Amino acid sequence: MSVYSMTGYASAQHSVAAASPAADSAASSAARLGLEIRSVNSRYLDLTFKLPEELRSFEPALRELLVRGLKRGKVELRAALESHVANLVAEPSARLLQRLNTIQDNVRTWLPLATPLSVADVIRLTAGSTGAEHDWQAELLALAEQVLASLRAAREREGARLVLMLQDRMAQLRSLAAQAGPLVPQLVAQQRQRFLDRWREAMGLVEGGALPEAAQDRALAEATAFAIRIDVAEELTRLNSHLDELDRLLAKGGEVGKRLDFLIQELHREANTLGSKSAALELTHISVDMKVLIEQMREQVQNIE
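None of the values given here were measured: they were computed from a predicted structure. What you see as residue numbers is a count from 1 along each chain, following the sequence as written. Totals for whole chains, interfaces and linings use every residue, but because this is a predicted model, local features are given only for residues with pLDDT of at least 70 and side-chain atom pairs only at 80 or more, for both listing and counting. With hydrogens and water stripped out, all remaining heavy atoms of the structure feed into the side-chain values.

Draft legend 1. Inspection of the overall build of the protein chain at higher detail. Helix and strand labels come from DSSP, where a helix needs a run of H or I of at least four residues and a strand needs a run of E of at least two; each type is numbered from the N terminus. Across its full length, the protein chain carries nine helices and four strands. The linear arrangement of helices and strands in the protein chain, starting from the amino end, is β-β-β-α-β-α-α-α-α-α-α-α-α. Considering only contacts in the protein chain between residues 6 or more positions apart, those separated by 24 or more positions represent 79%. Working note: accessible area of the protein chain is about 17900 Å², and carbon and sulfur atoms make up 54% of it. Should any heavy atoms of two residues lie within 4.5 Å, those residues are considered in contact. Shrake-Rupley sampling with a 1.4 Å probe provides the accessible areas, and residues are treated as covered by the protein chains on show and by no other component.

Okay, here's the thing in structure tokens:
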């Protein structure tokens, strides 16, 4: 399975042309439906809909569609509906005009001072009555399917880019861990020699002289305690184990974002411990470089579904 980013954008438009069914009307109309979906990272699936009044009744169907296709992310679906009338004024039918005239006569019977209907009033009252209202459900859901597929493709492309970035940072972390491993035995050997030199100096022995057995044992004990204190083999082992698990999850794909985020926290913990045990400038530099790489990974993992 692929690894998906939660960041993406897609849009599409669909036009519908319809002629008025009224036999005595030459009016024709065209409408354009526009749909766009944008998403950013979020801990959960958070859906927002911005629909015109004509499409508001289809929100439950759109929500069901998005829930089936997406798992995580803050997602906004926005729809727009534009209508264009070919003839600016549609001629009302004779039946409508007769009905308006009857209504006007009835009103003026009770309200003699009422103002008669003007031509503008008639056009306004009959606007939109010459044709049936268009049912957008089929076009809207088909367009939503298309835009959702484009969004998933965009999130998949972004996810592939994130995987390459993570794999690059993981390779650098393995390289730093390999550099840190041999440093500990070298540091222990150096510290052991320092202890021996200090004992010789303290006891006033000439260079190359033999140390009493008790002094030598004490120096070895001090070196052993130092080795235990600075030993980072366990941290390096766990760090490599976490990197192996990251590799496995990225290869598996699917909904791995939360598990990746947890492993990044564990990597950061091991790098911190490595720095706290550092007894040499080289190990400190390695710990700092590791933490920089892990922070870069953490920022990108936040975007993975």
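Draft legend 2. Region of interest: the pattern of salt bridges. Whenever a carboxyl oxygen of Asp or Glu lies within 4 Å of a side-chain nitrogen of Lys or Arg, that contact is scored as a salt bridge. Applying the stated criterion to the full structure yields 21 salt bridges. For R56, the salt bridge goes to E53, with nearest N and O atoms at 3.4 Å. Classification of residues uses two cut-offs on accessible area relative to the type maximum, computed with a 1.4 Å probe and protein chains only: under 20% is buried, over 50% is exposed, and between them is partly exposed. The exposed category is assigned to E53, whose relative accessible area is 62%. One salt bridge in this structure joins R63 and E59, with 3.2 Å as the shortest N-O distance.

Draft legend 3. How the structure looks around the nonpolar core. By size, the foremost hydrophobic cluster in this structure holds 34 residues, and its most contacted members are L173, L246, L260, L267, M290 and M297. The element best represented in this core is helix α4 (residues 137-180), accounting for nine residues. Aside from chain neighbours lying at most four places away, what touches L246 is M170, L260, L263, I264, L267 and M297. Ranked by size, the runner-up nonpolar core spans 26 residues in total, among them A10, L51, W136 and V147. Here, nonpolar core means buried Ala, Val, Leu, Ile, Met, Phe, Trp, Tyr and Cys residues that are tied together by side-chain atoms lying within 4.5 Å of each other.

Draft legend 4. Representation of the confidence of the model for the protein chain in the model. Scored from 0 to 100, pLDDT records how confident the predictor is in each individual residue. Taken as a whole, the protein chain shows an average pLDDT of 82; of its residues, 77% reach a score of 70 or greater. Within the protein chain, no element has a lower average pLDDT than helix α6 (residues 213-230), which sits at 63, and none a higher one than strand β3 (residues 45-50), at 95. Here residues 19-28 scores under 50 on pLDDT; set against residues more than four positions off or in separate chains, the count is 23 contacts.

Draft legend 5. Layout of the side chain of S287. Relative to the helices and strands, S287 is located in helix α9 (residues 281-301). Judged by relative accessible area, which is 3%, S287 ranks as buried. Apart from residues lying up to four places away in sequence, S287 is in contact with A271, L274 and G275.

Draft legend 6. Fine view of the layout of surface pockets. Empty space within the second largest pocket amounts to approximately 170 Å³. Computed over the protein atoms alone on a 1 Å grid, cavities are sets of points where a 1.4 Å probe fits but cannot get out and pockets are open sets with protein on both sides within 12 Å along at least five of seven lines; a residue lines them when it has an atom within 4 Å of a point. Lining of the second largest pocket is provided by N41, S42, R43, R72, G257, K258, D261, V301, Q302 and I304. Of the residues forming the lining of the second largest pocket, the biggest block, three residues, is contributed by helix α8 (residues 257-276). Classifying every residue of the lining of the second largest pocket by side-chain character gives two nonpolar, four polar and four charged. Grid points are joined across faces, edges and corners, and a volume is the space filled by probe spheres set on the points. Residues are grouped as follows: nonpolar covers Ala, Val, Leu, Ile, Met, Phe, Trp, Tyr, Cys and Pro; charged covers Asp, Glu, Lys and Arg; every other residue, Gly included, is treated as polar.

Draft legend 7. Examining the packing of aromatic side chains more closely. Ring geometry is summarised as follows: Phe, Tyr and Trp rings, the Trp one being its six-membered ring, pair when their centres sit within 6.5 Å, and such pairs are stacked at plane angles under 30 degrees, edge-to-face over 60 and tilted between the two. Counted by the stated rule, this structure contains zero aromatic pairs. In this analysis the charged atom, NZ for Lys or CZ for Arg, is taken to sit over a ring once it is within 6 Å of the ring centre and within 35 degrees of the ring normal. One Lys or Arg, R152, reaches over the ring of Y4 and ends 4.7 Å from the middle of that ring.

Draft legend 8. Geometry of the packing of α8 against α9. At a closest axis distance of 9 Å, the pairing of α8 and α9 adopts a crossing angle of 165°. In terms of their interaxial angle, α8 and α9 are classed as roughly antiparallel. In the packing of α8 onto α9, the handedness of the crossing is left-handed. Along its contact with α8, which presents G257, L260, D261, I264, L267, H268, A271, N272, L274 and G275, the element α9 presents L283, I286, S287, M290, K291, I294, M297, R298 and V301. Angles here are taken between N-to-C directions and fall from 0 to 180 degrees, while the axes themselves are lines fitted to C-alpha atoms, restricted in helices to the stretch in contact. For classification purposes, angles smaller than 35 degrees are called roughly parallel, those larger than 145 roughly antiparallel, those between 65 and 115 roughly perpendicular, and all remaining angles oblique. Two helices crossing with the near one rotated counterclockwise from the far one by less than a right angle form a left-handed crossing, whereas a clockwise rotation gives a right-handed crossing.

Draft legend 9. Molecular detail of α8. A helix is expected to span 1.5 Å for every residue after the first. Helix length check: α8, at 20 residues, gives a terminal C-alpha distance of 29 Å against a target of 28 Å (1.5 Å per residue), a fit within 8%. For α8, the complete set of buried residues consists of G257, L260, L263, I264, E266, L267, E270, A271 and L274. On its buried face, α8 is in contact with α4, α7 (233-252) and α9.

Draft legend 10. Highlighting the packing of α4 against α9. In contact at an axis separation of 10 Å, α4 and α9 are set at 165° when each is read in the N-to-C sense. Relative to α9, the element α4 is oriented roughly antiparallel. The element α4 and its partner α9 pack so that their crossing is left-handed. The segment α4 lies against α9, with R161, L162, M165, L166, R169, M170, Q172, L173, L176, A177, Q179 and A180 engaging L283, I286, D289, M290, L293, I294, Q296, M297, Q300 and V301. Looking at side-chain class alone, the contact of α4 with α9 contains 15 nonpolar, four polar and three charged residues.

Draft legend 11. Main features of a nonpolar patch on the surface. On the surface, a nonpolar cluster with roughly 470 Å² of combined accessible area is contributed by I103, V107, W110 and L111. For V107, the position within the fold is in helix α2 (residues 94-110). V107 gets classed as partly exposed once you look at its relative accessible area, which sits at 36%. Only residues whose relative accessible area exceeds 30% and that form no salt bridge are eligible for patches; like-charged ones are grouped when within 9 Å, while nonpolar side chains (Val, Leu, Ile, Met, Phe, Trp, Tyr) are grouped when within 5 Å.

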